[in-house]
Amino acid sequence: MKEVNELSSILKQYFFIHGARIALIAQMVIALIKVRNVCLSEIAAGFAGNAQISSNEKRISRFLKDFPFDMKSFCRFVSHFLPEGKWVIAVDRTVWEFGTQKINILMLAVVYKGVSIPLMWKMLTKDESSDIGKKGNSNTQERIELMQEFIRLFGKERIEAVCADREFIGDEWFGWLNNEGIQINIRIKNNQKISDARGNEKKASHLFRDLKVGQTKTLKGKRRCGDVFVWVSGTRLPSGELLIVVSFNNPETSLDTYAKRWQIETMFACLKTRGFRFESTHLKDLERISKLLAIVCIAFVWVYLTGSQLDNLKSIVIKKHGYRAKSIFRYGFDYLRNLLLNITTR
């Protein structure tokens, strides 16, 4: 149980709750890394000690049902391991179905060393009176509320830029970000109307129609996009598709900064298929799913930081094709799983 006590001592610095609950969180995190599965029976089977699996599963279920998990404490915990200064923020959704239940999560994460570190999220529902996940995109109010929560905890001065894909557009959303002085690097749809050099509205794709694969261009001067004026930059991808990004300033780095958005997709893959299989949960209550996600994210942070430290000590081999033999996440995951699975009970 030494590993549980050691992790508990770290968590106690951020989660000001009863020691028994801290120990349970530590047990769950360690078990998640061992079993690579969020099914409660699997997590319970990964607990150290002599308690029956059924007893452990009941403890986990009671925790998810009754314990009011403090997301501010979670944010304190995660932010402690992030660098000082400004952060590039990635905003995106992850969604999957369990039977007729739609699990739809709006996530805000901090771009960090090839991945994004999950910081806060919002479970999307059809309306305030429903606990059933909605099917569609997030709306402007949901995005603003998530950003406002970040600002309350960390301040606008911590935001270098917000990166997001084509789902995250809209006059009200862009207007709010502009009024708050928050820089953006957001991809727009090719049919989005943008003013040309004469002030006439054109489809964005029309203004970049001359680009060849690999070429980039930034339109001269700010252009009207809905109700705001933005810099507009574009490139033609190897697939032949146009990628067009808008920003409020720093257009020379807009495309490069937007490219970091992909790191949140890498994070989702680590939380799901490549790592903890979060989409295999059979939970239906969104509040319980959110608590379980917090536990998974604590495990993810531990795994990724371990992989990063290991890479500093002994770099991951680079294959002939130019890619790492394994990801930093996999490096840390394999190391911790081997360590935890081979600990002698003591």
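Just above, that's the structure.
This one's a predicted model, so the numbers in the text were calculated from it and none came from an experiment.

1. Structural notes on the overall build of the protein chain
1) Next: Across its full length, the protein chain carries twelve helices and eleven strands.
2) Next: Projected onto its principal axes, the C-alpha positions of the protein chain cover 75 × 55 × 40 Å.
3) Next: Buried residues in the protein chain amount to 52% of all 346 residues.
4) Next: Within the protein chain, residue pairs in contact and separated by at least 24 positions form 58% of the contacts whose partners lie at least 6 positions apart.
5) Next: Approximately 16800 Å² of the protein chain is accessible, and the part contributed by carbon and sulfur atoms is 48%.
6) Next: Separation of charge centres in the protein chain, based on 54 positive and 35 negative side chains, amounts to 5 Å.

2. Focus on the nonpolar core
1) Next: If you look at the biggest cluster of nonpolar residues, it comprises 117 residues, and the most contacted ones within it are Phe150, Phe276 and Phe300.
2) Next: It is helix H11 (residues 286-313) that contributes the most residues to this core, 16 residues altogether.

3. Remarks on the pattern of salt bridges
1) Next: Within the structure shown, the criterion is met by 15 salt bridges.
2) Next: A salt bridge links Glu145 to Lys122; the shortest N-O distance between them is 2.9 Å. Remark: Lys122 occurs in strand E3 (residues 115-123) and Glu145 occurs in helix H6 (residues 140-154); sequence separation between them is 23 residues.
3) Next: In this structure, the salt-bridge partner of Arg261 is Glu265, at a minimum N-O distance of 3.2 Å.

4. Focus on the packing of aromatic side chains
1) Next: Scanning the model with the defined rule gives 17 aromatic pairs in all.
2) Next: Each ring, one from Phe63 and one from Phe67, has its centre 5.1 Å from the other, and the planes form 25°; the classification is stacked.
3) Next: A relative accessible area of 5% means that Phe67 is categorised as buried.
4) Next: Three or more aromatic residues joined by ring pairs make a cluster, and in this case those are Tyr14, Phe15, Phe69, Phe77 and Phe81.
5) Next: A cation sits over an aromatic face here: Arg158 above Trp87, 4.0 Å from the ring centre.
6) Next: Between Lys217 and the ring centre of Phe208, over which it is positioned, the NZ or CZ distance is 5.3 Å.

Rules behind the numbers
- Position numbers for residues count from 1 along each chain, tracking the sequence in the order it is written.
- Residue-level local features of this predicted model are given only where pLDDT is at least 70; pairs of side-chain atoms are given and counted only at 80 or more, and the full residue set underlies all totals for whole chains, interfaces and linings.
- The basis for every side-chain value is the complete set of heavy atoms in the structure, and neither hydrogens nor water enter the calculation.
- Helix and strand labels come from DSSP, where a helix needs a run of H or I of at least four residues and a strand needs a run of E of at least two; each type is numbered from the N terminus.
- Residue burial is assigned from relative accessible area. The probe radius is 1.4 Å, only protein chains are included, and a residue is buried under 20% of its type maximum, exposed over 50%, and partly exposed in between.
- Pairs of residues are marked as contacts when any of their non-hydrogen atoms sit within 4.5 Å.
- Accessibility throughout is a Shrake-Rupley quantity obtained with a 1.4 Å probe, and a residue counts as covered only by protein chains that appear here.
- Charge counting follows a simple rule: Lys and Arg are positive, Asp and Glu are negative, and His as well as the terminal groups are ignored.
- Charged side chains are reduced to one point each, which is NZ for Lys, CZ for Arg, CG for Asp and CD for Glu.
- Residues grouped as a nonpolar core are buried Ala, Val, Leu, Ile, Met, Phe, Trp, Tyr and Cys residues, joined through side-chain atoms within 4.5 Å.
- A side-chain nitrogen of Lys or Arg and a carboxyl oxygen of Asp or Glu constitute a salt bridge if their distance falls within 4 Å.
- The rule is short: rings of Phe, Tyr and Trp, with Trp giving its six-membered ring, pair when the centres are within 6.5 Å, and they are stacked under 30 degrees, edge-to-face over 60, tilted in between.
- Charges are assigned to positions over rings by a cutoff of 6 Å between ring centre and Lys NZ or Arg CZ, combined with an angular limit of 35 degrees from the ring normal.

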